[in-house]
Amino acid sequence: MGFSSVVNRSIYFNTFSIFFQDFTKKREQEISTNKANQETLVNYQDRMSELLQKGLLKTTNINSDIFIIAQAKTVTVLQSLDPERQHLIIQFLDASKLSIQPGSFGILYQAKMSKAKLTGADLSDAQLSSVNLSNATLDSANLSNANLNNAILSGSNLENASLSGANLGSANLSGANLSNVDLSKIDLSNAILIGVQFRNTNLRGADLSGANLSNVDFSNGVNLENAKLQGAKFINTNLRNVSLKEADLTGADFSGSNFNEALLCKTILKNGKTDDKDCLKLKSK
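Being a predicted model, the structure only gives us computed values, none of them experimental.

## Considerations on the overall build of the protein chain
Each helix and strand counted, the protein chain has three helices and two strands in total. Across the protein chain, helices and strands are ordered from the amino to the carboxyl terminus as α-α-α-β-β. A fraction of 16% describes how many contacts in the protein chain between residues 6 or more apart in sequence connect residues 24 or more apart. Approximately 15000 Å² of the protein chain is accessible, and the part contributed by carbon and sulfur atoms is 49%.

In C-alpha cells, the structure reads:
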C-alpha cells in the first residue's frame, strides 16, 4: 500500500471519528435536554396539583402571594419547555380548571411575558386574556383558538404564526409583525393595530370593526374582502390596490388614506350606500 493511500485512509478515519464524536455529543445533549424538560414538566404539575389539593390556589384572588408565585412559575415553565410540553401545560391548566373559571380569572390573566422568546411555541387553546406579550418573539407560534382578548402584543413578532380561531378583540398589536398570517374571520374588533406590518396577510371576513388601523400599509398582498370595517380608523393608511369587495366601510374614518386603484365591488360605503354595479377601481385625482 502506497504512502498516499495510508494518508488518505488516516484522513478518512479521522474525519469519521470527529463526525461520530460530534453526533454522539449532540445526541447526548438532546437526551439530557429531553430528560430535564420532562422533569420540569412533572415537577410543575406535581407542585400545582399539591396546591390545588390543599385549596391554596384560588384564581378568584389574583393578588394573593400564592397566586402570584404560581403564575410566575407557569410563565417560566412555558418559556423553558419545547412546544409539545408547552401544550401539555395548557391542557393541564384546562383540566385543572386553572385556565379560567366562571366569574374568575385564569392563572395567566395579566401575566407579564414581555420580550418572551416563544418561537414555534404551541399555545393553542390557551387562555391569555390581558397577557402582556409586548415585544415577544412569537414567529411560527401556534396560537390557534387562543383567547388573546385585551392582550398586549405591541411590537411582537407574529410572522408565520397560526391564529385561526383566536380572539384578538381589543388587543394592542401596535407595531407588530403580522406578515404571512391567516387572519380570515378573526375577531380583531376594537383592536389597536397602529403601524402593524401586514405582508401577504389574509384578513378576508375578519371583524375589524372599531379597530385603529392608522399608518398601516395594506398594499403588500393583503386581502380585506368581506371584512367588517364599521367605525374603523384608517387614518393615513395605504390601501392602494387593495380589494374591498363586499367589505362594510360604514362609519369608517379614512382621513388622509390612499385609495388609488382600490377595488370596490358590492362594497358598503361610508355613507351607507352599496355599490351594486360592476367592480370599480378608484383612481386618484
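## Regarding unusual backbone geometry
The phi dihedral of S130 is positive, around 65 degrees, even though this residue is not glycine. Locating S130 in the fold gives a position in the loop between α3 (83–95) and β1 (263–264). Positive phi, normally seen in glycine, also occurs at S140, with a value near 65 degrees. Relative to the assigned elements, S140 resides in the loop between α3 and β1.

## Overview of the pattern of salt bridges
For the structure on display, the rule yields four salt bridges. Residue K54 is joined to E50 by a salt bridge in which the shortest nitrogen-to-oxygen separation is 3.0 Å. The exposed category is assigned to K54, whose relative accessible area is 54%. As a salt-bridge pair, R85 and D82 come within 2.7 Å of each other at their nearest N and O atoms. Judged by relative accessible area, which is 10%, R85 ranks as buried. Look at the salt bridges and you will find they share partners, linking R47, E50 and K54 into a network.

## Here's the deal with the packing of aromatic side chains
Tallied over the entire structure, the rule returns six aromatic pairs. Consider the rings of F198 and F218, whose centres lie 5.3 Å apart with planes at 20 degrees: the pair is stacked. Of the two residues, F198 is situated in the loop between α3 and β1 and F218 in the loop between α3 and β1; the sequence distance between them amounts to 20 residues. The interplanar angle of 65 degrees and the centroid separation of 4.8 Å between the aromatic rings of F254 and F259 together place this pair among those described as edge-to-face. Judged by its relative accessible area of 9%, F254 is buried. Taken together, the ring pairs in this structure connect F198, F218, F234, F254 and F259 into an aromatic cluster.

Analysis parameters
- Residues numbered from 1 in each chain as written.
- Predicted model: local features only at pLDDT ≥ 70, side-chain atom pairs only at ≥ 80, totals over all residues.
- Heavy atoms only, no water.
- Helix = DSSP H or I, 4+ residues; strand = E, 2+ residues; numbered from the N terminus.
- Contact = heavy atoms within 4.5 Å.
- Areas by Shrake-Rupley, 256 points an atom, 1.4 Å probe, with all protein chains shown as cover.
- Salt bridge = Lys/Arg side-chain N within 4 Å of Asp/Glu carboxyl O.
- Buried < 20%, exposed > 50% of the residue type's maximum accessible area, 1.4 Å probe, protein only.
- Phe/Tyr/Trp six-rings, centres within 6.5 Å; stacked < 30°, edge-to-face > 60°.

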